[in-house]
Amino acid sequence: MDLLTRIANEVRAGEPDAVRALAAEALAAGVAPAEVLRGGLIAGMTVVGDAFRLREIFLPDVLLAARAMQSGLEVLRPQLAAGGVPTAGRVVLGTVRGDLHDIGKNLVGILLGGAGFDVIDLGVDVPPERFVDSAVEHGAAVIGISALLTTTMVGMREVVALVRERGLADRIKVIVGGAPLTEAFAREIGADGYAYDAASAVGRVKQLVGAA
Amino acid sequence: MRGTVRFAAREVVPDPGVVLLRAGIPAGIEPSARTRRLLDAAERHFLALAEPRGIVAELPPAACAEAVRASGRDEPETVLGRVLPLAEATALFAATLGEPLCAQIRSLTAGEDLPLGFMLDALASEAADGLGWRLGALWRERLVGAGPTSAATRVLPYSPGYCGWHVRGQEALFRALPPDPVGIVLNASCLMSPLKSVSGVLVAAAPEAHRFQPDFPFCAACATHECRARMLPWPDDGRTPSGEGEVSWIS
């Protein structure tokens, strides 16, 4: 079994020490860091994401795999930064103003990171202006907003409105999600996308990045 | 009547099945061995760090209704607005698991150990939700036979942020409680710190008073309708206080 396959397998198994050691071994053997990233770490997380979508594994297993992937990334990061490897896209994430629930949002961030996206996580209780300002500042193609409270999810509308008001709708897409949300609500507030759960969010963001 | 309660951490540990459900593992699915190890580790952290405590402050239903309406940002019609007129007794409550546990969750989820932080967060969220129910059960014990309540009376917690009651309602609610009740403070957005805290109104009423159809205008935008589960009889699943905690009532 080649090194990259072994790295992917250890990511799936959630073994950070093994992933770290194998990533270092691959670099020492002359494998390009971008190849270790794509063929090892992201390949492993892609399998994990697919298994999660098919409900063969569940969130804790995804997080263990993500932790293993992170340990490999730490090894690669200095060389990746030096080589300027392109990402799948940049996404600004946060929980809507007045809401401090962040688990769902964090999961989306982890899965997006695993799919090769550059994620800027603004945290919880984020005002609309901060979503839009950060997206502009970082050149993000997508803003992802999460809410758990029925009384705060209406605040997502303000973010969508602000993106339009500033004339950014053609280059910044807004995707919303959270337990109480429905696709109908997302459409009603004018969001560009809706994700039922963290797993489906990755696919929707990929579509939106293509559209941005 | 006002009461403060200190629970033993082991008294408020939620059922593992409920925690796994919150952690995204459907009921009836056997978790992987590594998930089970995560849950065990999370429980150890919880028992070492949780400082569960709460306060109940009885307030006449009319005064409670006034405090609840004070946010000015509620939906025109709310669940609590429909339930309160049927209340036999009402009380404000606030409860928390304390800052040390919340700091540990922050530290773990910030990078120290995300999977463990996630599991501890799920466990703590369930435990925090349970505190409102536990306070309600303790308050009910005091009420039954002492007023207009009967053995059939049920006490349910209702919290700002849900079912039409805006999270800003917490501001008025905390004004009616003693300053920094049990160590909880509100930030500028009216969110509670420590994070794993709950607050709201305890409503003692006949069981049918708590039952309603999710037919409010805001229900159409809500995908969960978790309110329905609240109206089912509360099972004796171990969440009833065992009396290990320290309870002091001021009549």
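That block above? That's the structure.
Computed from a predicted structure; not experimentally measured. (Residues numbered from 1 in each chain as written. Chains lettered and ligands numbered in written order. Predicted model: local features only at pLDDT ≥ 70, side-chain atom pairs only at ≥ 80, totals over all residues. Heavy atoms only, no water.)

1. Some words on the pattern of salt bridges
Residues and elements named next belong to chain B.
Part 1: As enumerated under the stated definition, the model contains 16 salt bridges over all chains in all.
Part 2: Ionic pairing is found between Glu126 and Arg22, a salt bridge with its closest N-O pair at 2.8 Å. Separated by 104 residues along the polypeptide, Glu126 in helix α6 (residues 114–143) and Arg22 in helix α1 (residues 16–22) bring together distant segments of the chain.
Part 3: Using a relative accessible area of 36% as the deciding quantity, one classes Arg22 as partly exposed.
Part 4: As a salt-bridge pair, Arg82 and Asp215 come within 3.7 Å of each other at their nearest N and O atoms. Taken together, the residues Arg82 in helix α4 (residues 79–83) and Asp215 in the loop between β7 (197–205) and α8 (227–230) connect sequence positions 133 residues apart.
Part 5: Through salt bridges with shared partners, a single ionic network connects Arg22, Glu126 and Asp129. (Salt bridge = Lys/Arg side-chain N within 4 Å of Asp/Glu carboxyl O. Helix = DSSP H or I, 4+ residues; strand = E, 2+ residues; numbered from the N terminus. Buried < 20%, exposed > 50% of the residue type's maximum accessible area, 1.4 Å probe, protein only.)

2. A few points about the interface of chain B and chain A
Part 1: Each side of the interface is counted separately: chain B has 31 residues, and chain A has 28 residues.
Part 2: Buried area between chain B and chain A, both sides added, is near 2400 Å², and the carbon and sulfur share of it is 68%.
Part 3: It is Arg34, Phe118 and Leu191 of chain B in chain B that bury the most area against chain A; as a group they hold 24% of the surface buried on that side.
Part 4: In this assembly, chain B and chain A are joined by two salt bridges.
Part 5: Note that Asp61 of chain A and Arg34 of chain B form a salt bridge whose closest N and O atoms lie 2.8 Å from each other.
Part 6: The interface formed by chain B and chain A includes four residue pairs in polar contact (both at pLDDT 80 or more). (Contact = heavy atoms within 4.5 Å. Buried area = accessible area lost by both parts, 1.4 Å probe. Polar contact = N/O pair within 3.5 Å; in protein donor to acceptor, adjacent residues only side chain to side chain.)

3. Concerning unusual backbone geometry
Part 1: Residue Pro194 of chain B is reached from Ser193 of chain B by a cis peptide bond, and omega for that bond is 0 degrees.
Part 2: Take Pro194 of chain B: it is sitting in the loop between β6 (192–193) and β7.
Part 3: Positive phi values are uncommon outside glycine, yet Arg55 of chain A reaches one of about 60 degrees.
Part 4: Inspection of the secondary structure puts Arg55 of chain A in the loop between α3 (33–53) and α4 (59–83).
Part 5: Phi is positive for Asp125 of chain A, close to 55 degrees, though the residue is something other than glycine.

4. Considerations on the nonpolar core
Part 1: If you look at the biggest cluster of nonpolar residues, it comprises 90 residues, and the most contacted ones within it are Ile7 and Leu41 of chain A together with Phe46, Leu97 and Trp139 of chain B.
Part 2: Per-element tally for this core: the top contributor is α6 of chain B, with 15 residues.
Part 3: Split by domain, this core shows at least three residues from each of two domains, domain 1 (3–83) and domain 2 (90–208) of chain A.
Part 4: When sequence neighbours within four positions are dropped, the list of residues in contact with Leu97 of chain B reads Val12, Phe46, Leu49, Ala50, Glu51, Pro52, Ala124, Ala127, Ala128, Leu131 and Lys196 of chain B.
Part 5: Grouped together as the second largest cluster of nonpolar side chains are 30 residues, Cys64, Val68, Leu92 and Phe218 of chain B included. (Core = buried A, V, L, I, M, F, W, Y, C linked by side-chain atoms within 4.5 Å. Domains from an automatic or database assignment.)

5. Topic: the side chain of Thr90 of chain B
Residues and elements named next belong to chain B.
Part 1: Note that Thr90 resides in strand β3 (residues 89–96).
Part 2: By relative accessible area, which is 0% here, Thr90 ends up buried.
Part 3: Only 2.7 Å separates the side chain of Thr90 from the backbone oxygen of Leu59, close enough to count as a polar contact.
Part 4: Setting aside its immediate chain neighbours within four residues, Thr90 contacts Glu58, Leu59, Pro60, Pro61, Cys64, Leu84, Trp139, Val201, Leu202 and Val203.

6. Brief notes about the sheet that holds strand β3 (residues 142–146) of chain A
Residues and elements named next belong to chain A.
Part 1: Strand order in the open sheet formed by five strands is β2-β1-β3-β4-β5, with parallel pairing between adjacent strands. At either margin of the open sheet sits one strand with a lone partner, and together these are β2 (118–121) and β5 (193–195). Neighbour to neighbour, the strand axes of the sheet diverge by 25 degrees on average, direction disregarded.
Part 2: In the sheet, strand β1 (residues 90–95) pairs with β3 via five bridges, with the strands oriented parallel. Residue pairing for β3: Val92 is matched across the bridge by Ile143. (Pairing = 2+ DSSP bridges. Axes fitted to C-alpha atoms, helices over the stretch in contact; angles between N-to-C directions.)

7. What about the pairing of β7 of chain B?
Residue and element names in this part refer to chain B.
Part 1: For β7, a buried count of nine out of nine residues is recorded, marking the element as mostly surrounded by other parts of the structure.
Part 2: Sheet topology note: the β3/β7 ladder contains eight bridges and is antiparallel. Following the sheet pairing, Phe93 is matched in β7 by Gly200.
Part 3: One ladder, built from five bridges, connects strand β4 (residues 154–158) with β7; its direction is antiparallel. Paired with Val155 across the two strands is Ala204, which belongs to β7.

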